[in-house]
Structure formats: structure tokens, C-alpha cells
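# Architecture and fold: a report
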Amino acid sequence: MKPTKPISLLWGLRSFCASHGCLYCYFGMISAHREEMPTGPGVLSHLSPNDLTAADVLAFAKTLADSPVGRVFLAGGEPLLWKPILTLIEVLKAGGVEVVVCTSGVALNRPDLCEPLVELGVDAVSVSLDSADPVHNDKWRPPHREGDGWEAVVSGISALIKARGSGPRPKVGIYSVVTRRNLADIVAVPELAAALGCDYAVPQPIALDPDHQLAAELSLTPDLLPELTARFEELYAAELPLVLPARAYAGQVASAVRRPTDLVPGCFGGDTLHFVQPDGTVWDCPSALRIAATPLERHRTIKGAAARDLFPDPTGCGTDCSLFSVDCVNMWPLTSFPVLAPTGTETTRA
Ligand SMILES: C[S@@+](CC[C@H](N)C(=O)[O-])C[C@H]1O[C@@H](n2cnc3c(N)ncnc32)[C@H](O)[C@@H]1O
Ligand code: SF4
């Protein structure tokens, strides 16, 4: 069936993250930004003062019902610690939009958040956990509060699965960031996810600028390709009782590591995928290279706008993009999100 609402929106809802201080986070490090705030198109910061107001966010959300956007990934910062989050989800679901919440997971231990996610019919919750080894995870994803590390994330996942009971939704999955220091977690985290009763697992390669201070320590490099490939083969061979990205994903990860920039024919960025920053700016995708190359006349915002005007019906063919980067690889499991039907069919399902 051809999706009636084929667009997915990756919505970085809030800049603030009171949850963790992940050392590689796309939003940078608070300590560094206190000394010098980064500037420029697409730059993210947990300290950004420019996030849209709740009124602006909700006004735009109401317009999504009458648009080709069928699925919204709510990310951040940490979306579950933003007070109006449940109101936003209610608006989106009432408009027939599928909702996937991307969270650090600790907030799921709160019944006042966990239970409404089930009641409101959230379609999926992707929880970030990098390792089956608590020490590794908490080294790179240190919690702001003692007690909010690996154990709390795992108990949050279990709380959500318990709150869902025998219901169909939300699907629950684990996203893990793969670096040169945790290649074994390509297999170990999905194994853990299966043991916890999760529905899906996605190992995603770390994306760091070459001049990031942790690039040498964490980035994946071509010399690691034999092990990377072997780990993915081991993962698919394990036939775990959960959904993984399509097998082609392993090759996409490898090719991003082998050739960090390349041509992508017919890319979905700006066609069936769009990215919204916490200040409301709309980009074709979150790729730093693509954002930098976006001409001024294509700088758009959701503030005061209607989704129907911002997101025309996709051609389905995309555009050829010569700005492929490891950022892009992390978009593949979003556009063909493995546990839900192709975008848009949900609204027409019985
Ligand atoms: C920015 S977070 C926002 C949602 C939520 N706070 C969380 O941690 O899941 C979204 C996802 O991006 C991942 N991520 C953050 N920085 C990354 C990087 N430099 N490379 C790859 N993935 C990254 C996180 O681990 C998480 O799975
Ligand atoms: S929890 Fe999410 S938003 Fe917060 S620092 Fe970690 S990756 Fe970034």
C-alpha cells in the first residue's frame, strides 16, 4: 500500500537536557558552551536560549494533521523532561500522526510519564543505551544525577514494557551509539534488548566532526571495517527475537566509514524526511554538510507556519546529494523505521 502520509519529521524539540551529559552529544558539551557559545546555521547547544515557546510548538503541531507528515520522531535534548510533552503528543495523535519518542530512558521510571505514553497510544519509544556494560555506558553517557545511569535506563525500559502489558503499543527499542571502543555492543546491546523484551534494536555509528576533541578516541575508521563487518554478521546470524534495521544497513554503515563523503542518488533528505531544530528551523536533514550548503532562501521555520506549506507532497525520488556523511547513516533507520508500517498507513489501518 502506498503511504498516504509519507513524510517523517525528526523533531529536535528542546535543547535542554537535564538527564545526561553524553560526551559525544550532537548538542555539544555544556561546560564548553559556557565558555563560548557556538554559532552558525544548524549549530545545536543545550544552552540555546532560542527554543520555541510551547504555544508556538503546539500551534504548529496542530497543522500536521492536514499535511503529508505521517510520523514524528520527538527527540532533543530530552523530550520527556519538557513539561508540555504529553499535551504535544495528544495533539499529534489526535491529528492522526504517528509518534516515536526518542529518550534517554530515565524518565520512564516515572509512572506519571510512563503510563500516559501507553494511554495516549504513542507508537514507539526508542531508548538510548550504548552498552551492555554499565561502566562503559556511564563513562560516555554520564547521568547528571547519581542513580540515573545504566541501571535506571534499564529499569525505565522494563517499566514501559510492564505498563504496556499485552497491548500492541508502544513498541520499545534500544538505540546504541557505536564507537571504536564498543564494537562488541553491536551484538551485546541487541542481545540485552531481546532479554528485556524489547521489540527492536538499532546500533548507530557515532557521528563526530573530524575536529571534535573526541574524534580520535571514538570515531570509526577504515582499519576497523573487518571487525565492524564481522560484528554485524554475527548480529544478523544470531536471529534474535526482535526487529533490526534491514541487512543493507550494515553495508551503509561500512560505506560511511570507508568513504566519509560520497554521492547519494535520490536521497530522502528534504523529500520524505525533514529535520526541525528546537528554535523551529527546518532543514532537509540533520547532516552538518547539507545544512552548511543550504542556501538562505531555503532557511525556513515552523514558527507561525503550517506544515502543509512547509512540506509539499514528496516526489518519492529525492534529490541526488553529494554530501553523504556518517550523520546520514543514522537517518536510514528513521525513514524505514523497522518496527512500524511504512509511514502513513497507520491512519488507514483498522
Ligand atoms: C540527541 S539524542 C535526543 C534524545 C534523548 N536525549 C536520547 O538521548 O535518546 C538522540 C539520539 O542521538 C544519539 N546521539 C547523540 N549524539 C550522537 C553522535 N555524536 N553520534 C551518533 N549518535 C548520537 C543519542 O545517543 C540518541 O540515541
Ligand atoms: S541524553 Fe540525549 S540529549 Fe542528553 S546529552 Fe545524552 S544524547 Fe544528548
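Everything discussed here concerns the structure shown above.
Definitions and limits used
Residues numbered from 1 in each chain as written. Chains lettered and ligands numbered in written order. Predicted model: local features only at pLDDT ≥ 70, side-chain atom pairs only at ≥ 80, totals over all residues. Heavy atoms only, no water. Axes fitted to C-alpha atoms, helices over the stretch in contact; angles between N-to-C directions. Helix = DSSP H or I, 4+ residues; strand = E, 2+ residues; numbered from the N terminus. Parallel < 35°, antiparallel > 145°, perpendicular 65-115°, else oblique. Contact = heavy atoms within 4.5 Å. Buried < 20%, exposed > 50% of the residue type's maximum accessible area, 1.4 Å probe, protein only. Pairing = 2+ DSSP bridges. Right-handed = clockwise from strand over helix to strand, strands pointing away. Salt bridge = Lys/Arg side-chain N within 4 Å of Asp/Glu carboxyl O. Near = heavy atom within 4 Å. Nonpolar A, V, L, I, M, F, W, Y, C, P; charged D, E, K, R; others polar.

### Looking at the packing of helix H9 (residues 225-237) against helix H10 (residues 248-258)
Here H9 crosses H10 at 170 degrees, and the two axes come no closer than 10 Å. By the angle class used here, H9 and H10 are roughly antiparallel. Packed against H9, whose contacting residues are Leu225, Leu228, Phe232 and Tyr236, the element H10 presents Tyr249, Ala250, Val253, Ala254, Val257 and Arg258 at the interface.

### Digging into the pairing of strand E3 (residues 98-103)
Among the 6 residues in E3, 5 count as buried, and that is most of the element. Pairing of strand E2 (residues 69-75) with E3, which is carried by 4 bridges, proceeds in the parallel orientation. Paired with Leu74 across the two strands is Val101, which belongs to E3. Handedness of the crossover joining E2 and E3 through helix H3 (residues 85-94): right-handed. Relative to strand E4 (residues 124-128), E3 runs parallel, the two sharing 4 bridges. Note that in E4 the partner of Val101 across the bridge is Val125. What joins E3 to E4 is helix H4 (residues 111-119), and the crossover it makes is right-handed.

### Overview of the pattern of salt bridges
Should their charged atoms come close, side chains of opposite charge can pair. Throughout the structure, instances matching the rule amount to 16 salt bridges. Of the charged contacts, one joins Asp199 and Arg164 as a salt bridge, the two residues approaching to 2.8 Å between their closest N and O atoms. Of this pair, Asp199 sits in the loop between helix H7 (185-196) and strand E6 (200-205) while Arg164 sits in helix H6 (residues 150-164); the two residues are 35 residues apart in sequence, bridging distant segments of the chain. Note on accessibility: Asp199 and Arg164 belong to one class, buried. Residue Arg231 pairs with Glu234 through a salt bridge whose shortest N-O separation is 3.5 Å. Within this pair, Arg231 and its partner Glu234 are both found in helix H9, separated by 3 residues, close to a single helical turn. By relative accessible area, Arg231 is classed as partly exposed at 23%. Judged by its relative accessible area of 38%, Glu234 is partly exposed. Among the charged side chains, a network of salt bridges with common partners joins Asp284, Arg290, Arg298 and Arg300.

### Concerning the site of ligand 2
Around ligand 2, the neighbouring residues are Cys17, His20, Cys22, Cys25, His46, Gly77, Ser104 and Arg141. Among the residues making up the shell around ligand 2, the classes are represented as 3 nonpolar, 4 polar and 1 charged.

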